[in-house]
Amino acid sequence: LLRSWLAAPAQAPTLLVLRVFRRDEEVEALFDTVIERWRSSGNVLLIAGTDLVLRTLDPDDLFTYLSGRLHTRFIGSQDDLDRCMAQLDLAPDVDGRFRVNECYCFDNTWQAALAALVARSDVVLMDLRGFHAENRGCLHELQVLSAAAGVRRVVVMYDGHTDRTSAEAAMRGGAQERFVW
(Lines give C-alpha, C1' and ligand atoms only; values in the text may rest on other atoms or scores of the structure.)
Protein backbone atom coordinates (compact mmCIF):
# COMPACT_ATOMS: atom_id res chain seq x y z
CA LEU A 1 0.00 0.00 0.00
CA LEU A 2 2.80 2.40 0.85
CA ARG A 3 4.98 1.52 -2.15
CA SER A 4 3.67 4.36 -4.31
CA TRP A 5 3.97 6.82 -1.44
CA LEU A 6 7.53 5.69 -0.64
CA ALA A 7 8.54 5.55 -4.29
CA ALA A 8 11.64 7.54 -5.12
CA PRO A 9 11.63 10.29 -7.69
CA ALA A 10 12.26 9.13 -11.25
CA GLN A 11 15.81 10.47 -11.22
CA ALA A 12 17.23 10.37 -7.71
CA PRO A 13 20.38 12.47 -7.20
CA THR A 14 23.68 10.74 -6.53
CA LEU A 15 26.07 11.95 -3.84
CA LEU A 16 29.76 11.07 -3.99
CA VAL A 17 31.50 11.24 -0.61
CA LEU A 18 35.25 11.90 -0.54
CA ARG A 19 37.37 12.37 2.54
CA VAL A 20 40.77 12.62 4.13
CA PHE A 21 41.51 9.10 5.34
CA ARG A 22 42.66 8.29 8.89
CA ARG A 23 40.10 10.54 10.58
CA ASP A 24 37.78 7.74 11.64
CA GLU A 25 35.75 9.42 14.37
CA GLU A 26 35.03 12.54 12.34
CA VAL A 27 34.07 10.53 9.27
CA GLU A 28 31.81 8.21 11.28
CA ALA A 29 30.02 11.26 12.72
CA LEU A 30 29.66 12.69 9.20
CA PHE A 31 28.19 9.40 8.03
CA ASP A 32 25.73 9.29 10.91
CA THR A 33 24.50 12.86 10.52
CA VAL A 34 24.70 13.66 6.82
CA ILE A 35 24.99 10.53 4.73
CA GLU A 36 22.26 8.62 6.54
CA ARG A 37 19.92 11.58 6.00
CA TRP A 38 20.88 11.85 2.31
CA ARG A 39 19.87 8.21 1.80
CA SER A 40 16.24 9.33 2.05
CA SER A 41 16.57 11.36 -1.12
CA GLY A 42 19.27 9.74 -3.24
CA ASN A 43 22.16 7.41 -3.82
CA VAL A 44 25.52 7.49 -2.05
CA LEU A 45 28.81 6.48 -3.69
CA LEU A 46 32.20 6.24 -2.01
CA ILE A 47 35.59 4.63 -2.16
CA ALA A 48 35.67 2.10 0.67
CA GLY A 49 38.02 2.49 3.58
CA THR A 50 38.50 1.16 7.07
CA ASP A 51 37.17 4.43 8.50
CA LEU A 52 33.59 3.54 7.58
CA VAL A 53 33.65 -0.24 7.84
CA LEU A 54 31.37 -0.24 10.91
CA ARG A 55 28.84 1.99 9.10
CA THR A 56 28.76 0.21 5.74
CA LEU A 57 29.24 -3.47 6.64
CA ASP A 58 26.30 -5.56 5.51
CA PRO A 59 25.68 -9.32 5.69
CA ASP A 60 26.93 -9.88 2.13
CA ASP A 61 30.24 -8.16 2.98
CA LEU A 62 30.60 -10.28 6.09
CA PHE A 63 29.94 -13.56 4.27
CA THR A 64 32.33 -12.57 1.48
CA TYR A 65 35.02 -11.94 4.09
CA LEU A 66 34.33 -15.15 6.03
CA SER A 67 34.39 -17.23 2.84
CA GLY A 68 37.85 -15.89 1.98
CA ARG A 69 36.62 -14.12 -1.15
CA LEU A 70 37.13 -10.51 -0.08
CA HIS A 71 39.70 -10.08 -2.85
CA THR A 72 36.87 -10.46 -5.40
CA ARG A 73 35.43 -7.11 -4.24
CA PHE A 74 38.56 -5.14 -5.16
CA ILE A 75 38.98 -3.31 -8.44
CA GLY A 76 42.20 -4.55 -9.99
CA SER A 77 41.58 -3.91 -13.68
CA GLN A 78 39.39 -1.98 -16.10
CA ASP A 79 37.13 -5.05 -16.40
CA ASP A 80 36.71 -5.06 -12.61
CA LEU A 81 35.88 -1.36 -12.66
CA ASP A 82 33.33 -1.83 -15.45
CA ARG A 83 31.75 -4.69 -13.50
CA CYS A 84 31.65 -2.60 -10.31
CA MET A 85 29.96 0.31 -12.11
CA ALA A 86 27.44 -2.05 -13.72
CA GLN A 87 26.60 -3.58 -10.33
CA LEU A 88 25.91 -0.31 -8.51
CA ASP A 89 22.61 -0.66 -6.69
CA LEU A 90 20.85 2.63 -7.40
CA ALA A 91 17.26 1.56 -6.74
CA PRO A 92 15.65 2.44 -3.40
CA ASP A 93 14.92 -0.25 -0.85
CA VAL A 94 11.35 -1.08 0.14
CA ASP A 95 11.54 1.53 2.93
CA GLY A 96 12.37 4.22 0.34
CA ARG A 97 15.99 4.70 1.41
CA PHE A 98 18.84 4.34 -1.02
CA ARG A 99 21.94 2.25 -0.46
CA VAL A 100 25.56 3.21 0.03
CA ASN A 101 27.59 1.84 -2.87
CA GLU A 102 31.27 1.30 -2.17
CA CYS A 103 34.21 0.68 -4.48
CA TYR A 104 37.10 -1.29 -3.02
CA CYS A 105 40.31 -0.11 -4.65
CA PHE A 106 44.01 -0.79 -4.73
CA ASP A 107 46.60 1.99 -4.77
CA ASN A 108 46.88 1.63 -8.54
CA THR A 109 43.12 1.62 -9.29
CA TRP A 110 41.50 4.26 -7.08
CA GLN A 111 42.08 7.07 -9.59
CA ALA A 112 40.20 5.25 -12.35
CA ALA A 113 37.45 4.40 -9.86
CA LEU A 114 37.29 8.05 -8.80
CA ALA A 115 36.85 9.17 -12.42
CA ALA A 116 34.05 6.64 -12.94
CA LEU A 117 32.31 7.66 -9.70
CA VAL A 118 32.58 11.37 -10.49
CA ALA A 119 31.03 10.72 -13.91
CA ARG A 120 27.99 9.16 -12.16
CA SER A 121 27.60 11.83 -9.47
CA ASP A 122 25.42 14.90 -9.32
CA VAL A 123 26.78 16.31 -6.07
CA VAL A 124 29.98 15.74 -4.10
CA LEU A 125 30.59 16.10 -0.38
CA MET A 126 34.31 16.38 0.26
CA ASP A 127 35.47 16.28 3.84
CA LEU A 128 38.79 18.15 3.92
CA ARG A 129 38.96 18.57 7.66
CA GLY A 130 42.60 18.10 8.63
CA PHE A 131 43.77 18.26 5.00
CA HIS A 132 47.33 19.36 4.25
CA ALA A 133 49.41 19.53 1.07
CA GLU A 134 50.90 16.07 1.73
CA ASN A 135 47.46 14.52 1.14
CA ARG A 136 48.26 13.94 -2.55
CA GLY A 137 45.14 11.84 -3.09
CA CYS A 138 42.90 14.72 -2.04
CA LEU A 139 44.80 17.10 -4.32
CA HIS A 140 44.15 14.74 -7.23
CA GLU A 141 40.47 14.51 -6.27
CA LEU A 142 40.17 18.31 -6.22
CA GLN A 143 41.74 18.52 -9.69
CA VAL A 144 39.34 15.89 -11.04
CA LEU A 145 36.34 17.63 -9.46
CA SER A 146 37.29 21.04 -10.81
CA ALA A 147 37.44 19.58 -14.33
CA ALA A 148 34.31 17.39 -14.07
CA ALA A 149 31.57 18.50 -16.40
CA GLY A 150 28.58 16.69 -14.86
CA VAL A 151 28.97 17.56 -11.19
CA ARG A 152 26.59 20.37 -10.23
CA ARG A 153 27.94 21.19 -6.77
CA VAL A 154 30.89 20.27 -4.56
CA VAL A 155 30.40 20.98 -0.86
CA VAL A 156 33.76 21.10 0.92
CA MET A 157 33.91 20.68 4.69
CA TYR A 158 36.96 22.25 6.33
CA ASP A 159 38.27 23.19 9.74
CA GLY A 160 41.06 25.23 11.27
CA HIS A 161 43.58 22.54 10.31
CA THR A 162 42.65 22.54 6.60
CA ASP A 163 45.32 23.85 4.23
CA ARG A 164 42.81 25.73 2.13
CA THR A 165 45.51 27.50 0.11
CA SER A 166 46.85 24.18 -1.24
CA ALA A 167 43.34 22.92 -1.86
CA GLU A 168 42.35 26.00 -3.84
CA ALA A 169 45.60 25.86 -5.82
CA ALA A 170 44.70 22.30 -6.91
CA MET A 171 41.41 23.59 -8.31
CA ARG A 172 42.91 26.35 -10.45
CA GLY A 173 41.87 26.25 -14.06
CA GLY A 174 38.62 24.45 -13.26
CA ALA A 175 35.08 25.40 -12.44
CA GLN A 176 35.64 26.83 -8.97
CA GLU A 177 32.16 28.37 -8.86
CA ARG A 178 30.63 24.93 -8.18
CA PHE A 179 32.65 24.61 -4.94
CA VAL A 180 30.95 25.70 -1.72
CA TRP A 181 33.26 25.93 1.31
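What counts and how
Residues numbered from 1 in each chain as written. Predicted model: local features only at pLDDT ≥ 70, side-chain atom pairs only at ≥ 80, totals over all residues. Heavy atoms only, no water. Buried < 20%, exposed > 50% of the residue type's maximum accessible area, 1.4 Å probe, protein only. Helix = DSSP H or I, 4+ residues; strand = E, 2+ residues; numbered from the N terminus. Pairing = 2+ DSSP bridges. Right-handed = clockwise from strand over helix to strand, strands pointing away. Core = buried A, V, L, I, M, F, W, Y, C linked by side-chain atoms within 4.5 Å. Contact = heavy atoms within 4.5 Å. pLDDT = per-residue confidence, 0-100. Arc of directions from axis to C-beta. Expected span 1.5 Å × (residues − 1). Salt bridge = Lys/Arg side-chain N within 4 Å of Asp/Glu carboxyl O.

Caption draft 1: Here's a closer look at the pairing of strand 6 (residues 153–157). Of the two faces of strand 6, the one holding Val154 and Val156 is buried and the one holding Arg153, Val155 and Met157 is not buried anywhere. In terms of strand pairing, strand 5 (residues 123–127) meets strand 6 through 5 bridges, oriented parallel. By the bridge assignment for strand 6, Asp127 is matched with Met157. For the segment spanning strand 5, helix 7 (residues 136–147) and strand 6, crossover handedness is right-handed. Of the pairings in the sheet, the one linking strand 6 to strand 7 (residues 179–180) comprises 2 bridges and is parallel in character. Counted as the bridge partner of Val155 is Val180 from strand 7. Viewed along the sheet, the connection from strand 6 through helix 8 (residues 164–170) into strand 7 turns out right-handed.

Caption draft 2: Summary view of the sheet that holds strand 2 (residues 43–47). Spatially, 3-4-2-1-5-6-7 is the arrangement adopted by the 7 strands of the open sheet, whose pairing is parallel. One side of each edge strand has no neighbouring strand; the edge strands of this open sheet are strand 3 (74–75) and strand 7. Where strand 1 (residues 14–19) meets strand 5, 5 bridges bridge the pair, whose relative direction is parallel. Within strand 5, the position partnered with Leu16 by the bridge is Val124.

Caption draft 3: Expanded view of the nonpolar core. Leu16, Met85, Leu128, Leu142 and Leu145 are the most contacted members of the largest nonpolar core, which totals 34 residues. Residues within four places of Leu145 in sequence aside, it is in contact with Leu18, Val118, Val124, Met126, Val154, Arg178 and Phe179.

Caption draft 4: Region of interest: the confidence of the model for the protein chain. Confidence in the prediction of the protein chain, expressed as mean pLDDT, is 83, and 80% of residues score 70 or more. Per-element averaging of pLDDT across the protein chain places helix 3 (residues 53–56) at the bottom with 47 and helix 6 (residues 110–119) at the top with 96. Counting interchain partners and residues more than four positions distant, the pLDDT-below-50 stretch residues 50–55 has 14 contacts.

Caption draft 5: Broad picture of helix 5 (residues 78–86). Listing the buried residues of helix 5 in full gives Leu81, Cys84 and Met85. The buried residues of helix 5 occupy an angular sector of 95° when projected down its axis, which confines them to one face. Helix 5 presents Asp79 and Ala86 as exposed residues on the side facing more than 90 degrees away from its buried surface.

Caption draft 6: Up close: helix 7. For helix 7, which comprises 12 residues, the first-to-last C-alpha distance of 17 Å matches the rise-based estimate of 16 Å (1.5 Å per residue) to within 8%. Of all the positions in helix 7, only Cys138, Leu139, Glu141, Leu142, Leu145 and Ser146 are classed as buried. End-on, the buried residues of helix 7 take up no more than an arc of 160°, which puts them together on one face. Away from the buried face of helix 7 by more than 90 degrees, exposed residues Arg136 and Ala147 are located. Considering only its buried residues, helix 7 is in contact with strand 1, helix 6, strand 5, strand 6, helix 8 and strand 7.

Caption draft 7: Structural detail: the pattern of salt bridges. In this structure the tally under the stated criterion is 8 salt bridges. For Glu36, the salt bridge identified is with Arg97, shortest N-O distance 3.0 Å. Of this pair, Glu36 sits in helix 2 (residues 24–38) while Arg97 sits in the loop between helix 5 and strand 4 (100–105), and the two are 61 residues apart along the sequence. Take Glu36: its relative accessible area is 24%, and that puts it in the partly exposed class.

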